[in-house]
Structures are given as structure tokens and as C-alpha cells.
There are 2 protein chains.
Amino acid sequence: MSAADPALGTCPVPLAETEKVLLGHGSGGQLSTELLRDVVVPALGAAATETVPEDAALIGVDGLDLVISTDAFVVSPLFFPGGDIGVLAVHGTINDLAMMGATPLAMAVAYIIEEGFPVADLQRVTTSIGAAAAAAGVPVVTGDTKVVGRGAADGLFVTTTGIGRRLPEARVSAAFARPGDVVLLSGPIGAHGTTILSTREALGFEAEIASDTRPLHRLVAAMVADAKQDIHVMRDPTRGGVASALNEIAVASQAGIEIDEAAVPVPAPVAAACELLGLDPLHVANEGCLVAVVAPAAAEPLLATMRSSPEGPCAVRLGEVVGDHPGRVVMNTVMGGRRVVDMLVGEQLPRIC
Amino acid sequence: MSAADPALGTCPVPLAETEKVLLGHGSGGQLSTELLRDVVVPALGAAATETVPEDAALIGVDGLDLVISTDAFVVSPLFFPGGDIGVLAVHGTINDLAMMGATPLAMAVAYIIEEGFPVADLQRVTTSIGAAAAAAGVPVVTGDTKVVGRGAADGLFVTTTGIGRRLPEARVSAAFARPGDVVLLSGPIGAHGTTILSTREALGFEAEIASDTRPLHRLVAAMVADAKQDIHVMRDPTRGGVASALNEIAVASQAGIEIDEAAVPVPAPVAAACELLGLDPLHVANEGCLVAVVAPAAAEPLLATMRSSPEGPCAVRLGEVVGDHPGRVVMNTVMGGRRVVDMLVGEQLPRIC
């Protein structure tokens, strides 16, 4: 019955005691991990195949390595500076496939619409989906539309599923980080989450910042062509931010990760918004950058490749994988100290994607 | 501005005038067809690939015929006699793949959960998904979980996406019906829809009836093995019922369909419920039967195959495809008359799946 177990270090409330699903269970952080590990995976039983938490699943069909990924988008508001729920859904799904080293082949889109939702808004979101899919070269091959009564949903939810094909030379997994590897980040962080929050709450920052939503499959293809299996892990730091992505990698690989605070690229308006709101930029969601864990010799050439691509001009070396403190992420601060970078425990920013 | 055009026969309200999404747009009937045709497909633009409305899409990858299907499930209540939202989602997705002549390979599941939803109910639904997937031999390879605030969703929505591989001998499409073909139906109709409605409204019929939800991929495999390309169309009459499925086939194939009222298998409790509620059983949703349009010579052997399978002991010959009245479905009534069987126009039974 007790949540306190000193051996575990942190003591989030066990699921059996909460008995209700909390907003934090959808955060992409610690509570999400527990919901999956303690409820969903055991209940699926023999039907579940996932062992390492990845953004997408690999299935082999007749020697073909297919990758499949699904995501429900519930972002609020539906329209925000830099994008909308439609473009976010397309990019989110493409990026989840890309993080497995896959080229996206096709997409399916399912709508859940609240009765009374303006047809014009549905047209606007669908046009965004069409434009984003066409720009990325990924056709929308099938879909579904359900309508629920007023009050039974909040406007529009969009679930997108993508199917892709793994690039022959890609072999990435959250479990493949090794001590000595270098951690790269393709661009500035925090813009998506702070934009959504600022727009939703009309905080005023939305005039200066915009979501960073963009598809990363072309960047990934260029990186894989360059460094092949020297890329060990790729992850897009969406819900839960860079902190959660790095923690997932550290746990799955049973390795430590050290990053340098000075290297973390936080744009000034994002930093100002986070300061005011009491948010850690490392916990804020992104939809336009990726974290890559790569062999040491491949790091500099890859940084050059990333920086010469339209998706990664501001790519940085964030830190490295170490043999110490396996499963933990530690940051060397600008003040010369060290602090543990935890996974987001509860919910920092609900309905961010 | 006017909806009245005598040349069109029926005159549903055009979308530009309604300007709001209606419950009927999710019915699977006429309004759903219009929403897709007039809003979704044009807005998707070049990214859309679908021309004939099918339950799933076919994509060719390196000579492999893959089939993909997605469905959002919003059924209310979540638990009902004969099943729950989880088992319905698994069967619905498997059946959409099967109706393209495909063997299901893998499934993805996305949850949208309302804050405060009981963890025990989530466990129960997930256990159902796991059991149904394991029984059907289809692994759940990936998923997603989002949580929205209280009042922003109604408990739990489940979106499932399936990927399958088309059986080498299957060549089915809603557009392939030809005059002379025979229309077969694998079992009794109306049980799913009347069960949901009766349970939701506590009408009392739910003691006598139960949802017919079941996976049909094994039945389809047996039928395709038998009749191969003599099976021209397969369709599971879910939302919008048998009437909508037949109308979609008639329109896509530009052929007429005639069915015999005497042959329509409506179980007595379903008939009683429909009578009391003023429902046409042909419009009521099913999740455990299929309609097949087959070459005349293949009809009797296929009926025998269906009747000897666990999924089709009560299979019947429902009618035939004719050269007259292309795009229309006509029923020869037990009283010796004839009547047009229309697609469901608005919404008869919301949140049935």
C-alpha cells in the first residue's frame, strides 16, 4: 500500500492507488511509462510484442523491414503559430517512422469530431494534412471519420498512423547507446511546447515564437547515408522533451548520459517564457528536432551533414554516453555543478500534441 | 443555395449550408459519403489516393501487396453484451483488412482517455484487446496513449490501425460487381446495433441479444482459397448496415442490386427491437458478418464453404446483381412488391462502433 520505497529513489504514486487515469499519464514522462509498463503491456499479454519503448515498431514481412507507428493528436488549441493539429499529426507520424531509420511510405488518418464542429475548420485542418503530406511525399491512403455528440469530445482529435520501410543501412534502437558515444541534437528546443501553452493561455509570447514542427525523414536519410550503423539511436524529443528522450535511452541502453548545459540550445524567447512559467526547457515538447547517439568517430562528420541540411542548421554536440550511473542522465551546469536530469514525472503541459 | 434539385432524387442538405458537422456525418451513410467526397478528399488534394471507397487501402511495396486500414472507435457504452470497445476495435480492424482479401499481420492501438477514467476499466479494455488479438493471431506491435482533461472526451476512444498482406489470389473491390453475380451474406444481421442501443438506453432487449462481433479473416481465407477471383466484392456491413454496404457496391460498380426480403436473416429479438424502435434492420450496424458478391457458378460452393465455417453457419443467398437501375438497390418484398433500399441518410444510431 505504501508508495515509499527508499531503494527506488523517486516514489511516484503507484497505479493501484490512484485508480483513476491522471493527466500526467499522458505526459510522455514517468507516469506514462508506468501506465504502459504496469497496465497496458501486462493486460495485452501474449498479443504485445514491444519490449524496448520505441516510437514505432519494426515488422518483417518476406524480408522487407516495415515500420509502423501510430499517434493520437489532441493538441489544444487546434491552430497555433507555426502550424495546426493537421500538420503536427503528419510531421509527428513521419518523424516517429524516421526515428526508426525508415522512409515513410503511406499514412492513414482517423478523425473523431465533436458534433457542431465548424466544417470550415475541418477543411482547414484537412488541407493542412494534405499539404504537409504532399510536401513530405507521403500519400494519405485511407482514413476514418467518427462524430460524437456535443460535449463528448473537444472539437477534433486526429489519429495518424504511418507505415514505412527501414533504410537498409539503418540499425537504430533506444537500447543501442554505448559508453563513449556522442549525443547530438539537430536544433533548438522548446519552441513547440511554449508556443502551444502561450497561445492557449494568451500569455503573449506567441508573437515571438512559433512551433518548430517539421518533417525529419530527409535529414535522417542524409544522416544514415553518411554514417550508416554508426548511428546507434535516434529519438525525437516530443512529449516529455529532451529530458525524457535521454532518460529513455539511458534506461533502455543501461548506460549513463552526460550533457553540457552550455550546449543546450534554448532560443531567447523560449528561455524567457520558460523562466516566467517555471518550466524546464528540457521537459518541453518539440516536433522539429532529433537526438542522435552516434559512434565517436562519426560525430563531427554527422554534425557537418546536419548543419548543411535545411532541418539542422543549428545542430549541436550535446554530450556523451558514459559507463557511470547507468540509467541516469546528468547535466554539467554552466555554474560548474552537476545535476540529475529527471524524466518529467507528472504533467507539465497537457495537450501539447 | 437551394438543396432542391429534382434530378438528384434525394436532396440532403448540402455541406456548405450546414456549416457544422452533424452526428449524421459519422453515420456511415449518405452524409458520411458527402463529407468525404465534398470536404475531406478535395482538401487532401494531391496527397489523397483513394478513388473507390473501400474499407482499407492497398499499397504495393517491392511486389508485396500490403493493405492498411484505420478506424476510430467511440462506441457508447464501452461494455455491452457480447463485447466491449476493445474487442470491437480489434475485430473491426481485422475485418476491414479481410474485406480486401488480406491476412492481418499486425495492429497498432491509440487511446484517447478522459482524465479520471478508472484504471480498472482501462485494464479491462486492454485485456480484451490482448485476448481478441491473440485469438485472431494478430500481434499488437505499437500504440499511443493520450489523456485529455475532464469533459474533453467521453471516457475512452480507441483508434486501431491494421496492416495486412493481400492473399495472392484475392482481387476484390467494391467496383467489381457485374450483372449476373450473386450476393451472399454470411449471417444474421442487426444484433450489434440493437444491442448497443438497447444497452445504452436500458430498453431491456439486451437480455435477449448480444453483439455479433467476431473476426472474419479465417472465413475470408477459406472463401478465397475456394473461389479465388470468382469473389468480386467483399464488404462488412458495419455503420449504415447492409443497406449502405450494398448501395456503396452498386454505386462503385455502376450496377443494380436486387435482394429478396424473404432471404434477409433477421433474428426474432432483433426484429422485435427494430419494430419497437422504428429501425430498418438493413440500416443497423453489424460487426460479425460479411456481404460477398460472387460469380454465379461460385455461389453454391461458396455458400457450402461459408456454412461449414464457424463464422458463417447461417449464410444465405441474399440476391443478385442486375443490369437495370445502375447505382440502385431494390428489394423484392415478401408482399410481392418492390422498394428501393436507400442508404441511411442521417444518423440512426450514433456511437455504434
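Conventions adopted
Residues numbered from 1 in each chain as written. Chains lettered and ligands numbered in written order. Predicted model: local features only at pLDDT ≥ 70, side-chain atom pairs only at ≥ 80, totals over all residues. Heavy atoms only, no water. Contact = heavy atoms within 4.5 Å. Buried area = accessible area lost by both parts, 1.4 Å probe. Salt bridge = Lys/Arg side-chain N within 4 Å of Asp/Glu carboxyl O. Helix = DSSP H or I, 4+ residues; strand = E, 2+ residues; numbered from the N terminus. Nonpolar A, V, L, I, M, F, W, Y, C, P; charged D, E, K, R; others polar. Buried < 20%, exposed > 50% of the residue type's maximum accessible area, 1.4 Å probe, protein only. Pairing = 2+ DSSP bridges. Phe/Tyr/Trp six-rings, centres within 6.5 Å; stacked < 30°, edge-to-face > 60°. Lys NZ or Arg CZ within 6 Å of the ring centre and 35° of its normal. Least-squares fit on C-alpha atoms with pLDDT ≥ 70 in both. Domains from an automatic or database assignment. Polar contact = N/O pair within 3.5 Å; in protein donor to acceptor, adjacent residues only side chain to side chain. Axes fitted to C-alpha atoms, helices over the stretch in contact; angles between N-to-C directions.

Looking now at the interface of chain A and chain B. It is common to report an interface's size as the accessible area lost on association of the parts. At the interface, 77 residues of chain A touch 78 residues of chain B. Both sides together, the interface formed by chain A and chain B hides about 6400 Å², and carbon and sulfur atoms give 70% of it. Across the chain A-chain B interface, the total number found is four salt bridges. The salt bridge partner of R165 of chain B is D62 of chain A, with a shortest N-O separation of 2.7 Å. Counting only elements with at least two residues in the side of chain A that touches chain B, the list comes to α1 (15–18), α2 (30–44), β1 (57–61), β2 (64–73), β5 (102–114), α4 (119–136), β6 (140–148) and β7 (156–166) of chain A. Of the residues belonging to the side of chain A that touches chain B, the class tally is 45 nonpolar, 18 polar and 14 charged.

Residue and element names in this part refer to chain B. Burial of strand β11 (residues 291–294) is two-sided: the residues V291 and V293 facing one way and the residues A292 and V294 facing the other way are all buried. Where strand β8 (residues 182–185) meets β11, four bridges bridge the pair, whose relative direction is antiparallel. In the strand pairing of β11, L185 is matched with V291.

Both trends apply: most residues other than glycine have a negative phi, and most peptide bonds are in trans. Residues and elements named next belong to chain A. Residue P77 is bonded to the preceding S76 through a cis peptide linkage, with omega at 5°. Positive phi outside glycine occurs at K228, with the angle close to 45°. As for its placement among the helices and strands, K228 is situated in the loop between α6 (217–227) and β9 (231–235). According to the relative accessible area criterion, K228 is partly exposed, its value standing at 35%.

Attention now goes to the packing of aromatic side chains. Counted according to the given criterion, the structure contains one aromatic pair over all chains. With centroids separated by 6.4 Å and ring planes inclined at 50°, the aromatic side chains of F157 of chain A and F157 of chain B adopt a geometry described as tilted. One end of the pair, F157 of chain A, is in strand β7; the other, F157 of chain B, is in strand β7 (residues 156–166), on a second chain. Directly above the aromatic system of F73 of chain B lies the positively charged group of K146 of chain A, at a separation of 5.1 Å from the ring centroid. In this structure, R124 of chain B is placed above the aromatic ring of F79 of chain B, and the distance from its NZ or CZ to the ring centre is 3.7 Å.

It takes a turn of 180° to lay chain A on chain B, together with a shift of 0.0 Å along the axis; the resulting RMSD is 0.0 Å. Such a combination of turn and shift is consistent with a two-fold rotation axis. Identified as the residue of chain A closest to the rotation axis by C-alpha distance is A153 of chain A, at 2.1 Å. Most of the interface of chain A is mirrored in chain B, where 100% of its interface residues again form contacts.

The next subject is the domain arrangement of chain A. Residue and element names in this part refer to chain A. For chain A, the assigned domains read domain 1 (54–166) and domain 2 (174–341). Inter-centroid distance (C-alpha atoms) of domain 1 to domain 2 is 23 Å. Contacts between the two partners involve 23 residues from domain 1, matched on the other side by 22 residues from domain 2. Both sides together, the interface formed by domain 1 and domain 2 hides about 1900 Å², and carbon and sulfur atoms give 60% of it. Ranking the residues of domain 1 by area buried against domain 2 places P81, N95 and M99 at the top, with a combined share of 29%. Counting every contact that joins domain 1 to domain 2 gives zero salt bridges. Across the contact surface, domain 1 and domain 2 share 10 residue pairs in polar contact (both at pLDDT 80 or more). Of all elements in the fold, only β3 (79–80), α3 (85–98) and α4 reach the threshold of two or more residues within the side of domain 1 that touches domain 2. Ranked by residues supplied to the side of domain 1 that touches domain 2, first place goes to α3 with eight residues. Here the residues of the side of domain 1 that touches domain 2 sort into 13 nonpolar, seven polar and three charged.

Residue and element names in this part refer to chain B. Pairing is mixed across the open sheet formed by five strands, whose spatial order is β1-β2-β7-β5-β6. Single-partner strands in this sheet number two, and they are β1 (57–61) and β6 (140–148). Across the sheet, the axes of successive neighbouring strands diverge by a mean angle of 20°, strand direction being ignored. In the sheet, strand β2 (residues 64–73) pairs with β7 via eight bridges, with the strands oriented antiparallel. Paired with S69 across the strands is G162, a residue of β7. Against the sheet, helix α3 (residues 85–98) engages β2, β5 (102–114) and β7, with an angle of about 150° to β2.

Right, let's get into the sheet that holds strand β13 (residues 329–332) of chain B. Residues and elements named next belong to chain B. With mixed pairing, seven strands are arranged side by side in an open sheet as β9-β11-β8-β12-β10-β13-β14. Sheet topology places β9 (231–235) and β14 (338–340) at the edges, where each strand pairs with a single neighbour. Taken pair by pair, the neighbouring strands of this sheet meet at an average axis angle of 25°, ignoring direction. When strand β10 (residues 256–260) meets strand β12 (residues 316–322), the two strands line up antiparallel, connected through four bridges. Paired with G256 across the strands is V322, a residue of β12. Packed on one face of the sheet, helix α9 (residues 296–307) meets β8, β9, β11 and β12 and runs near 10° to β8.

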